[in-house]
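Single-letter residue listing:
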Amino acid sequence: MGRAFVFGDDVDTDVLAPGHLMKLAPEELAKHCLEAIDPSFAKSVRPGDFVVAGRNFGLGSSREQAAVSLKLLGVRAVLAPSFARIFFRNAINLGLPALVFDGRGVIAAGDELELDLASGRLVNATRGVTHQVRMLPADLLAIIDAGGLIEMLKRRFATA
Amino acid sequence: LDVGEKGLVPAIMPGESGGQTLVEKIIARAAGLARVGPGDLVTVRVDLAMAHDSSGPRRWRPRLEALGARLWDPDKVVIVSDHYVPAVDAASAAILKETRDFARDYGVRRFFDMRGISHVVMPENGLLKPGMLVAGGDSHSPNGGAFGCFIQGFGATDMTAIVATGETWLETPGVLRIEWSGALGSGVSAKDVMLFLCREIGMENHGLVIDYAGAMIDALSLDERMTLCNMAAELGADTAIIAPDRKTLDHIRTHGGEIDDDALLRWRSDDDAEFAGVHSFDAGALAPQIAAPHSPGASASVETFRSTRIDQAYIGACVGAKLDDLEMAARVLKGRKVAKGVRLLVAPASARTTELAAKSGALTTLMEAGAILLPHGCGACAGMGHGLLAEGETCISTTNRNFKGRMGHAGAFVYLGSPFSVAAAAVAGAIVDPREML
């Protein structure tokens, strides 16, 4: 169970991981995640919480720190009606579920959510409703289950 | 997911008959299949992989070491130090050193250390050719589509996997053809085309490749074609591509690349190829465009923003500081001075660009107008180097993104415009129609 943090459309990689702070160690950079649009986010988010956002989440740079920061802050999953291609791949590669689901109008900030990734069932305990998010293809789910692409590749290189 | 010998994702059976797009031809060739169609998940062999100092070696080395892997082919890897250049503190110096050490330790001979921005350095060295499938560790990699290759941006983990295995998976995109008839007017450039498109077709063209065609495109230089392809990133497209013509081949050859004339016949879309959509626009009707903070899509004709005061004018970035861009700015600045209280910063896209602009006289014109010359590299566009903004300051910039906080303080305001528009604003101290100064 985790709480929902709700954002609008076009959450870009510069608000997720500000360019002028990219020299910082990942753990330090993560403290600035989304601060340009929600200064309290990084301080208040806890492991298991959810980011619920609008369209085109993660547009912009290829910088993986956008997804790394959310992962380091313990975000359970990002739910949005659509994702920018590179952010989506980065998230999956790091084992962070990026799930296509339009939560606008049905999930409010602070709602308690529970996700079953295998079935795509998303329970909103605060409102007592269950949603179905679009399932990830089995191939991509396998990357998340492995703990990310590098973990998956370790098996490949170990058997090579 | 099949992680066996055949690659990461099994190929889905391709479509039947009919013409193919250039994109499908390249992906099919790289996947070792007769043909592919939109939506097909395929594993492709990569012909060239590029990374820079920010997303490359410093992220790759620990992962490669964890895998116990080397580069699949060091001669197919290009590394460019362009983000933290030149070092401004010990942290950026360490990143640059790490990048040099990696190139040495892993045998990467195509290492360009502080020679310019990757997207400009690659074609300067004739490395991009029609029909290639290229993976770039930067979101503006689509820039290279101007040379008729299929080139996409990837994050650091994807790139690590690519340089370790020489392959990746992708979902075959559809192709959105954008036709431009007519000719651009004086003082109107490829940058205006892109700011117009960010508004007109939006920034969420997921799963699509932008294919530019038409008389206006044919007439453009390769520098200007790169601008069109570069900002496919802002359109949210998978990438962009322009089928090669005589100009493309000449450019490759004069920059040290080898290419056969056959490329013109082989790497083009068939006449009966199916596009996901077609848009047609008249280039002659386009006015200079400006994008307001904080999105390239928040654009309108320059008239809308007339008289908006600026503190800084910035000419820089892969998209906005190539030789053609500096020449455009020089046309406006010839015999004029930067307004009092305004600073005009110029960070050329590459060392070669600076050299050519010095030879052509454009650099002298810029300096005489009062511009401040900065080192070549990504600079303030990526929130690095010189020229960052304070809270409450307003900048007009030739760069490709004006997201909140990208160029310094989150409380700064960045407008985007063409080199013509940025130079004109620097002279007037406020946004004006650059055509009045030509």
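Please refer to the structure placed before this passage.
Since the model is a prediction, treat every value here as computed from it, not as a measurement.

### Some words on the overall build of chain A
In terms of regular secondary structure, chain A is built from seven helices and seven strands. Taken from the N to the C terminus, the helices and strands of chain A come in the order β-α-α-α-β-α-β-α-β-β-β-β-α-α. For 160 residues, the compact-globule estimate of 2.2 N^0.38 gives 15 Å, and chain A sits close to it at 15 Å. Taking the principal axes of its C-alpha atoms as reference, chain A extends roughly 50 × 40 × 25 Å. Relative to its full complement of 160 residues, chain A shows a buried share of 59%. Put simply, of all contacts in chain A between residues at least 6 apart along the chain, 63% involve residues at least 24 apart. Accessible surface, chain A as shown: approximately 6,200 Å² in total, 54% of it carbon and sulfur. With 18 positive and 18 negative side-chain charges, chain A shows a spacing of 3 Å between the two charge centroids.

### Re the packing of aromatic side chains
Describing an aromatic ring pair means giving the distance of the ring centres and the angle of the ring planes. The final tally for this structure, using the stated rule, is 12 aromatic pairs over all chains. Ring centres of A:Phe83 and A:Phe88 lie 6.0 Å apart, and the angle between their planes is 45°; on these two criteria the pair is classed as tilted. On the numbers, 5.8 Å between centres and 70° between planes, the contact of B:Trp180 with B:Phe196 is edge-to-face. In this pair, B:Trp180 is assigned in strand β8 (residues 174–181) and B:Phe196 in helix α6 (residues 190–200), connecting sequence segments 16 residues apart. Residue classification places B:Phe196 among the buried residues on the basis of a relative accessible area of 12%. One aromatic cluster is present, formed by A:Phe57, A:Phe83, A:Phe87 and A:Phe88 through successive ring pairs. Against the face of B:Tyr106 rests B:Arg70, its NZ or CZ located 4.4 Å from the ring centre.

### A short note on the pattern of salt bridges
Residue and element names in this part refer to chain A. One pass over the full model with this rule turns up 36 salt bridges over all chains. For the salt bridge of Lys-31 with Glu-28, the shortest nitrogen-to-oxygen distance reads 3.0 Å. Residue Lys-31 is classed as exposed on the basis of its relative accessible area of 51%. Since its relative accessible area comes to 37%, Glu-28 is described here as partly exposed.

### Describing the sheet that holds β8(B)
All names here are of chain B. Pairing is parallel in the open sheet, where four strands are placed in the order β10-β9-β8-β11. With one partner strand each, in any of the chains shown, β10 (239–241) and β11 (277–282) form the two edges of the open sheet. Across this sheet, the average inter-strand angle for adjacent strands is 25°, counted without regard to direction. As judged from the six bridges shared by β8 and strand β9 (residues 208–213), these two strands associate in the parallel manner. Residue pairing for β9: Ile-178 is matched across the bridge by Tyr-212.

### Focus on the nonpolar core
All names here are of chain B. Residues Trp-180, Leu-197, Ile-210 and Tyr-212 are the most contacted members of the largest nonpolar core, which totals 135 residues. What Ile-210 contacts, discounting residues up to four positions off in sequence, is Leu-176, Ile-178, Ile-201, Ala-232, Leu-235, Ala-237, Thr-239, Ala-240 and Ile-241. Core analysis: the next-biggest nonpolar cluster, separate from the first, contains 53 residues, Ile-95, Leu-96, Ile-117 and Tyr-415 among them.

### Observations concerning the pairing of strand β3 (residues 77–81) of chain B
All names here are of chain B. A large share of β3 lies buried, amounting to five of its five residues. Going residue by residue along β3, you find Val-77, Ile-79 and Ser-81 tucked away on one face and Val-78 and Val-80 tucked away on the opposite face as well. With helix α2 (residues 57–67) bridging strand β2 (residues 48–52) and its parallel neighbour β3, the resulting β-α-β unit is right-handed. Strand direction decides the pairing type here: β3 and strand β4 (residues 110–113), joined by four bridges, are parallel. Looking across to β4, one finds that Ser-81 is bridged to Asp-113. Regarding topology, helix α3 (residues 90–105) serves as the crossover connection from β3 to the parallel β4, and that connection is right-handed.

What counts and how
- Residues numbered from 1 in each chain as written.
- Chains lettered and ligands numbered in written order.
- Predicted model: local features only at pLDDT ≥ 70, side-chain atom pairs only at ≥ 80, totals over all residues.
- Heavy atoms only, no water.
- Helix = DSSP H or I, 4+ residues; strand = E, 2+ residues; numbered from the N terminus.
- Rg over C-alpha atoms; globule rule 2.2 N^0.38 Å.
- Buried < 20%, exposed > 50% of the residue type's maximum accessible area, 1.4 Å probe, protein only.
- Contact = heavy atoms within 4.5 Å.
- Areas by Shrake-Rupley, 256 points an atom, 1.4 Å probe, with all protein chains shown as cover.
- Lys, Arg positive; Asp, Glu negative; His and termini not counted.
- Charge placed at Lys NZ, Arg CZ, Asp CG, Glu CD.
- Phe/Tyr/Trp six-rings, centres within 6.5 Å; stacked < 30°, edge-to-face > 60°.
- Lys NZ or Arg CZ within 6 Å of the ring centre and 35° of its normal.
- Salt bridge = Lys/Arg side-chain N within 4 Å of Asp/Glu carboxyl O.
- Pairing = 2+ DSSP bridges.
- Axes fitted to C-alpha atoms, helices over the stretch in contact; angles between N-to-C directions.
- Core = buried A, V, L, I, M, F, W, Y, C linked by side-chain atoms within 4.5 Å.
- Right-handed = clockwise from strand over helix to strand, strands pointing away.

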